[in-house]
Amino acid sequence: MRTWATRSIPVLAILITASLSQWARPPLAAEREAPTRGIAGIVKDEAGHPLAGAWVTAVNTTTTSRPRETVVTDESGHYVVPDLPGLGPYEIRVRVYGYADRWIKNVSVGAVVDIEYGSQDRLGSKETAAQYPAQYWVSLLDSPSDSKVKAAGFADQRAWMGQLAMNCMLCHQLGTSITRRPKTRAEWDAVLKLAGSMDNFANLLNRDLLLDTLAGWSEKIQGGALPPESPPKPTGKEARYILSEWEVGTPFSYQHDLAAAYVWDPTIGAAPPKGAAGKWIYTGDIGWGTIYGVNTETGQVKVWDIPFVPAKKWAFQSWNVYPWKSNPHTLEVDKDGRLVILADISDEDGAGVFPVGNRDIVIFDPRTESWIPIVTKCDTHTVRIDQQGRYWLSGNIDLLCMYDPSTKTERQWKLPVEFKSIGGFLYGIDVAPDGTVWFSQPWGNTIGRYDPATDTIKQWEIPAPGFGPRRLRTDSKGNVWLPFANGHLGVYEPKTERFRFWATPGPKRQSPSSSADYHYNLFVDRTGNTGKRDTVYISGTDSDGIIAFDPETEAFVTYRVPTLGFFIRELEAFDGGIWTVYSNDPAKHVEKDPNQEAPVPRLVKLKFPR
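Residues numbered from 1 in each chain as written. Predicted model: local features only at pLDDT ≥ 70, side-chain atom pairs only at ≥ 80, totals over all residues. Heavy atoms only, no water.

K.L.:
Give me the sheet that holds strand S16 (residues 339-343): which residues, what numbers.
P.N.:
Across a sheet, paired strands are connected by hydrogen bonds in the backbone, their directions being either parallel or antiparallel. What the four strands build is an open sheet, ordered S15-S16-S17-S18; its pairing is antiparallel. Strands at the two margins of the open sheet, each flanked by one partner only, are strand S15 (331-333) and strand S18 (370-374). Averaged over all neighbouring strand pairs, the angle between strand axes comes to 25°, with direction disregarded. Pairing analysis gives three bridges linking S15 to S16, with the strands arranged antiparallel. Paired with Leu331 across the two strands is Ile341, which belongs to S16. (Pairing = 2+ DSSP bridges. Helix = DSSP H or I, 4+ residues; strand = E, 2+ residues; numbered from the N terminus. Axes fitted to C-alpha atoms, helices over the stretch in contact; angles between N-to-C directions.)

This is the structure:
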């Protein structure tokens, strides 16, 4: 085990908590005083008018993990950053669309800090557009004609654009400053050859068609085209949160998944490390084979190397900077507070493994800092724990797997429907309250169910408009909620045997009209830990936010954060909120994008006012 002091340039973890009810009205005179452990004030524009929808961040620079809190100004321009961790001093940053960032240093807890922008802080249209989430720039990308995609061997534009989203947004946002920098067709070809995975996916999409599409996008941007619409400033429900952050990691950390709580009872959190106390969240650095722990009460950070390294070392597939193979993927908390981690710890590959390698299972008990390796016959990608404590595993082609730790036995089920290439790769997986096991096959555009009562498997093809189901989840009624690579939310209702779909909020591409977002994952709060039971939380992978959906009202609420590159992965409920983890692009730091603070992954908790 190593402490945070052994790691250089930090990785960011984020906590989002509820806003104050007073933000819904102008502050009274008595409220001009900041709370004892907070900082307050008003933000105004260059004309002296209150500026609503501005993000105000307080950063404690005296602590190694640099704790920080972010709030959003209300209609009166008022903000309160409460319950700051430590005395500081703090640095205050204000960020709002259309203005340059403002920084104020050496602010003490209990201070009232008013910020007024000047005319020199106003940005032009091009600089303002650079502040927008990546999806606004992706909305400028035109789909190839239906005849061209059919000539390339795809069923229709939905299938081709869905594959583009799945493959090109799998490891990074498309539309960031570096990806949208204009390139010629030859330059795009060279970029795609930088990583084997990108090169292979380019061929899968029909290389010539993909190069024509990307070059056309570059030509529009080089010609001065800007996103046809701008993101609204956060207001109302979308402005009522607090962002708490800690720094943890290295510049090249790829924090892919997290472990927060036992899914069947989220009041049971992950156990604290040996000799420690408090509430801890754990993340897995897929590129470096390490597990990070963050104490959300003190900001303390610890990191452990997964001790089992295969003899045949290889770099994480997206970039050769990563030196070894254990790359942990999914982390789950069991009912005893231990971590169930999927990682490559051996060179034994099962019969149906994904071609790039094999993961197994590692049990980590933070209280003793001990590791239990479990070598499986199957590859492992995503794990979900059922109420009997068994591990259900995706990660193989046309093969469902289960490992029972109580009997130390493993079982596999061959799927009855065969797909070509990686079309049958099992990706997302979840266990419903009735014990049925659901899985997704995004490249094959199908979902499936294993019924333990009958020991049978059934599959369904996804109808339009959905395409590319990723990490699915079930609700308390047994409905199956689906995040799609083409920017839709879907649900399959087993009782009625029907699919339903909703286009998620945000800009749409114009030719033809389609979503510019990408949804890697979602979580359904079956227990109501965060507020309303069965609320669906969706990863806005290309939109710098988390999207909440109420199945009863069919209403969306988008919670955007102020930092670009909010590349979201797993989601979990714990401690009255939703947690997620994401990574952004180190190259943006190299490019010195003024809207990008640092090349850091982040851990996030989203909590709504009751």
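Text resumes after the structure shown.
K.L.:
Let's hear about the packing of helix H5 (residues 185-192) against helix H7 (residues 207-222): which residues, and what values?
P.N.:
Between H5 and H7, the least distance of the axes is 9 Å, while the angle of their chain directions is 120°. As summarised for this structure, H5 and H7 are arranged oblique, according to the angle between their axes. Seen along the crossing, H5 lies across H7 with a hand that is right-handed. Residue-level inspection shows Arg185, Trp188, Asp189 and Leu192 of H5 in contact with H7, the latter providing Arg207, Asp208, Leu210, Leu211, Asp212, Leu214, Ala215, Trp217 and Ser218. For the contact of H5 with H7, a count of residues per class yields seven nonpolar, one polar and five charged. (Parallel < 35°, antiparallel > 145°, perpendicular 65-115°, else oblique. Left-handed = near helix turned anticlockwise from the far one by under 90°. Contact = heavy atoms within 4.5 Å. Nonpolar A, V, L, I, M, F, W, Y, C, P; charged D, E, K, R; others polar.)

K.L.:
I'd like a rundown of helix H4 (residues 157-168), residues and numbers included.
P.N.:
Between its first and last C-alpha, H4 extends 16 Å over twelve residues, near the 16 Å set by a 1.5 Å rise per residue. Taken across its twelve residues, H4 has eleven buried, putting it largely inside the fold. Within H4 the residues assigned to the buried category are Gln157, Ala159, Trp160, Met161, Gly162, Gln163, Leu164, Ala165, Met166, Asn167 and Cys168. Buried residues in H4 make contact with helix H3 (146-151), helix H6 (196-204), H7 and strand S31 (508-510). (Expected span 1.5 Å × (residues − 1). Buried < 20%, exposed > 50% of the residue type's maximum accessible area, 1.4 Å probe, protein only.)

K.L.:
Kindly report on the pairing of strand S3 (residues 39-44), identifying the contributing residues and their values.
P.N.:
Taking burial as the measure, the six residues of S3 include five buried ones, the bulk of the element. Relative to strand S6 (residues 78-81), S3 is paired through four bridges, and the arrangement is antiparallel. From the neighbouring strand, Gly41 faces S6, where its bridge partner is Tyr79. Strand direction decides the pairing type here: S3 and strand S9 (residues 115-116), joined by two bridges, are parallel. In the sheet register, Val43 faces S9, and the bridge partner there is Ile115.

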